[in-house]
Amino acid sequence: MLVNTKAKVGVFSIALGAYLPQFPSLVPEFNKQFEDFKASIPDTVEIIDGGVVTTKEQSQAAGDLFRAADVDLVFMQLLTYATSYNMLPAVKDLDVPVVLVNLQKLKALDYDTAGTAEWLGEAYACGAVGEMVADLNRYGKRSAVITGVVEGGDAAVAKEIDQWCRAAQCRRRFRETNLAQIGRPYPGMMDLYIDESNLYRRMHVYTKQFDWEKIWAIADDITDETVIKAKAEDILDTFEIVGGVDEEKLHEMAKYVVAFEQWVKDEKLGFVASHYDGYAKGQAGVVDSLLIPAFSMLIKQGTACAVEGDIKVAMAMSILKTIAGSGQLSEMYTIDFNDGVTLIGHSGSGDADFSQAKKPTMKIVDVFHGKTGGGYLTQFYPPEGDITYLAITQDGEGHFKFVCAEGVNVPGKILQNGDTMMRTEFAISPAEFVTKWSEAGPTHHFAAAIGRHIDVVEKVAKIFDVPVEIITR
């Protein structure tokens, strides 16, 4: 990604201190289990190590560490039974979910030989899980439980831990990067309008405002021909240019892509929402004609770029790109009642990682429909198979909500207007889907990702403390 972030995950284990002097063998046993658990966490996140906690004071010290690091998530490994005071001081002042990891060391005890020490050390984590959730609920804390076994490996547990780490990365990306708003939303699309202060309060995203006059001059200082040439090759590797390559125009495009990439790094941008509604003449016209391919190159590298000034869909694109590897701007296009599919897509910038069926294409068009000017239009070709859609909306009080659906992209014809488009089947009829999706009150834009990802989206929603409405699965 052009701007890298790494989630910070608090990790600690708990056990009842009263057991340790009674059964000294538990100390090395628990230390080893904790080290093994930390080693199982993906290296995509930074571990904030709270240690093995057996007293209230140790728990408080872990909490101080987690707060100082501003953790995005907490994993708490239950080693054996423990009382709530081992947990609560570590998490009571945090506003992130606590994932209780109930990993039993052995599949089953040897009933003929196992003594109390073996029971407490290798097969009694489950005894405290309900107590922990009850107290987290009483403290108004979000939580989840993972139950499994260490012996023989547990793929389901590994999957859950990986999903939580990917979800945590969304929070870190929202907190550590900025959103660039250039211009303002498309006039009259009031579903896109947003209060940037409320956005920062609830979703942690800080908005930087940019005037188009500054953007027109963004490439004035780009003069390194070696860098420009390398970026031109990168563009050709990414896109097939319909009608052949105009070297002069490719050079100009590469120059602007280099400039936009440097701008993203300098301003630490994870999101861009823009809309131009000027006369598209002179330098403004040059930049306007190049925005779609330039922003597509940014999306490919992890900075979500949304058309029509839609901040909320930029966030949805970023979430899917982070957790799924692709994040494509979409909206409803039309229903094919004969074939029972909903056609979904959008014109403009897109994600090359989404275009797995065919290399994305780029071509010149005279008119951008509904918008000023013309220029380069890009088209992306998603594969057949599973697809996930995510919209972010908000109510009248500014509270955000996720709206999500899974479906299947199927083969068939699409419109020949040069827009990215999918034919999606859902578990319900297209008419019922469009009705239920619309009744959820999403903005008319939403993001798409290849694969099925609602399980992770739900974890992202829990981390951000927003509701998620699932339309189909």
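What counts as what
Residues numbered from 1 in each chain as written. Predicted model: local features only at pLDDT ≥ 70, side-chain atom pairs only at ≥ 80, totals over all residues. Heavy atoms only, no water. Helix = DSSP H or I, 4+ residues; strand = E, 2+ residues; numbered from the N terminus. Rg over C-alpha atoms; globule rule 2.2 N^0.38 Å. Buried < 20%, exposed > 50% of the residue type's maximum accessible area, 1.4 Å probe, protein only. Contact = heavy atoms within 4.5 Å. Areas by Shrake-Rupley, 256 points an atom, 1.4 Å probe, with all protein chains shown as cover. Lys, Arg positive; Asp, Glu negative; His and termini not counted. Charge placed at Lys NZ, Arg CZ, Asp CG, Glu CD. Domains from an automatic or database assignment. Buried area = accessible area lost by both parts, 1.4 Å probe. Salt bridge = Lys/Arg side-chain N within 4 Å of Asp/Glu carboxyl O. Polar contact = N/O pair within 3.5 Å; in protein donor to acceptor, adjacent residues only side chain to side chain. Axes fitted to C-alpha atoms, helices over the stretch in contact; angles between N-to-C directions. Parallel < 35°, antiparallel > 145°, perpendicular 65-115°, else oblique. Left-handed = near helix turned anticlockwise from the far one by under 90°. Nonpolar A, V, L, I, M, F, W, Y, C, P; charged D, E, K, R; others polar. Pairing = 2+ DSSP bridges. Core = buried A, V, L, I, M, F, W, Y, C linked by side-chain atoms within 4.5 Å. Expected span 1.5 Å × (residues − 1). Arc of directions from axis to C-beta. Patch = residues over 30% accessible without salt bridge, like charges linked within 9 Å, V, L, I, M, F, W, Y side chains within 5 Å. Disulfide = S-S within 2.5 Å.

Draft legend 1. Structural context of the overall build of the chain. When you go through the chain residue by residue, the secondary structure sums to 15 helices and 19 strands. For 473 residues, the compact-globule estimate of 2.2 N^0.38 gives 23 Å, and the chain sits close to it at 25 Å. Counting every position in the chain, which comprises 473 residues, the buried fraction comes to 56%. Intrachain contacts of the chain at a sequence separation of at least 6 include 78% that bridge at least 24 residues. Accessible surface for the chain amounts to roughly 19,500 Å². Of this, 50% is attributable to carbon and sulfur atoms. The positive charge centre, built from 45 side chains, and the negative charge centre, built from 66, are 2 Å apart in the chain.

Draft legend 2. Molecular detail of the side chain of aspartate 72. Mapped onto the fold, aspartate 72 is located in the loop between α3 (56-69) and β3 (73-78). Non-local contacts of aspartate 72, meaning those with residues more than four positions away in its chain, are made with Ala7, Lys8, Val96, Pro97, Ala168, Arg171, Arg172, Arg175 and Ile463.

Draft legend 3. Up close: the domain arrangement of the chain. Each assigned domain of the chain is listed here: domain 1 (8-175) and domain 2 (177-470). Placing a centre on the C-alpha atoms of domain 1 and another on those of domain 2 gives a separation of 39 Å. Contacts between the two partners involve 18 residues from domain 1 and, on the opposite side, 21 residues from domain 2. Summing both sides of the interface, domain 1 and domain 2 together bury roughly 1,900 Å²; the carbon and sulfur share of this comes to 63%. A per-residue breakdown of the area domain 1 buries against domain 2 is headed by Arg142, Arg173 and Phe174, which together make up 42% of the total. Viewed at the interface, domain 2 and domain 1 are joined by two salt bridges. A salt bridge links lysine 459 to glutamate 160, with the shortest nitrogen-to-oxygen separation between them at 3.3 Å. Linking domain 1 to domain 2 there are nine residue pairs in polar contact (both at pLDDT 80 or more). Of all the elements in the fold, those that place two or more residues in the side of domain 1 that touches domain 2 are β5 (143-149) and α7 (155-176).

Draft legend 4. Focus on the packing of α7 against helix α13 (residues 311-324). Running from N to C, α7 and α13 point in directions that differ by 135 degrees, and their axes come no closer than 9 Å. In terms of their interaxial angle, α7 and α13 are classed as oblique. Handedness of the crossing formed by α7 with α13: right-handed. Seen from α7, the contacting residues are Arg166, Ala167, Gln169, Cys170, Arg173 and Phe174; seen from α13, they are Met315, Ser318, Ile319, Thr322 and Ile323. A breakdown of the residues in the contact of α7 with α13 according to their chemical character gives six nonpolar, three polar and two charged.

Draft legend 5. Looking closely at the pairing of strand β7 (residues 206-210). Pairing analysis gives five bridges linking strand β6 (residues 178-183) to β7, with the strands arranged parallel. Its bridge partner lying in β7, isoleucine 182 is registered against phenylalanine 210.

Draft legend 6. A look at the nonpolar core. By size, the foremost hydrophobic cluster in this structure holds 98 residues, and its most contacted members are Phe75, Met203, Phe260, Trp263 and Phe402. Ranked by residues supplied to this core, first place goes to helix α11 (residues 247-267) with ten residues. Counting contributing residues, this core receives three or more from each of domain 1 (8-175) and domain 2 (177-470). In this structure methionine 203 touches Phe174, Asn198, Met315, Phe400, Phe402, Phe464 and Val466, once residues within four positions along its chain are discounted. Counting residues in each nonpolar core, the second largest holds 35 residues, with Ile14, Ala69, Val74 and Leu94 among its members.

Draft legend 7. Region of interest: the sheet that holds strand β9 (residues 269-275). An order of β7-β6-β9-β10 is seen for the four strands of this open sheet, with the pairing classed as parallel. Edge positions in the sheet fall to β7 and β10 (304-306), since each of these pairs with one other strand and no more. Between one strand axis and the next, the sheet turns by 20 degrees as a mean value, whatever way the strands run. The strands touched by α13 within the sheet are β6, β9 and β10, with β10 carrying the most contacts at an inclination of about 150 degrees.

Draft legend 8. Layout of α11. When the terminal C-alpha atoms of α11 are compared, their 30 Å separation across 21 residues agrees well with the 30 Å that a helix rising 1.5 Å per residue should span. If you check which residues of α11 are buried, you get Leu250, Met253, Ala254, Tyr256, Val257, Val258, Ala259, Phe260, Glu261, Trp263 and Val264. A distance of 3.1 Å separates the backbone nitrogen of glutamate 248 from a side-chain oxygen at the start of α11, and that oxygen is part of aspartate 246. Positive phi appears at lysine 268, one or two residues downstream of α11, with a value of about 55 degrees.

Draft legend 9. Here's a closer look at helix α14 (residues 430-439). Buried within α14 are the following residues: Pro430, Phe433 and Trp437. One side of α14 carries all its buried residues, which in axial view fall inside an arc of 60 degrees. In this fold, the buried residues of α14 make contact with β11 (328-336), β12 (341-346), β15 (385-394), β16 (400-409), β18 (446-450) and β19 (468-472). Phi turns positive one or two residues past the end of α14, at glycine 441, with a value near 75 degrees.

Draft legend 10. Fine view of a negative patch on the surface. On the surface, Glu233, Asp237, Asp246, Glu247, Glu248 and Glu252 cluster together into a patch of negative charge. For the negative patch, the secondary structure elements donating two or more residues are α10 (225-238) and α11. With three residues, α11 is the largest single contributor of residues to the negative patch. Its location among the elements puts glutamate 248 in helix α11.

Draft legend 11. Structural view of the state of the cysteines. Applying the stated criterion across every chain, the model contains zero disulfides. Unpaired in terms of disulfides, cysteine 170 finds its nearest cysteine sulfur in cysteine 165, a separation of 12 Å. When its relative accessible area of 0% is taken as the criterion, cysteine 170 is described as buried.

Draft legend 12. How the structure looks around the packing of α13 against helix α15 (residues 454-464). Taken N-terminus to C-terminus, the directions of α13 and α15 make an angle of 120 degrees; their axes are 11 Å apart at the nearest point. With respect to α15, the element α13 is oriented oblique. The crossing of α13 and α15 is right-handed. On α15, the residues touching Ile319, Leu320 and Ile323 of α13 are Val456, Val457 and Val460. In terms of residue class, the contact of α13 with α15 is built from six nonpolar, no polar and no charged.

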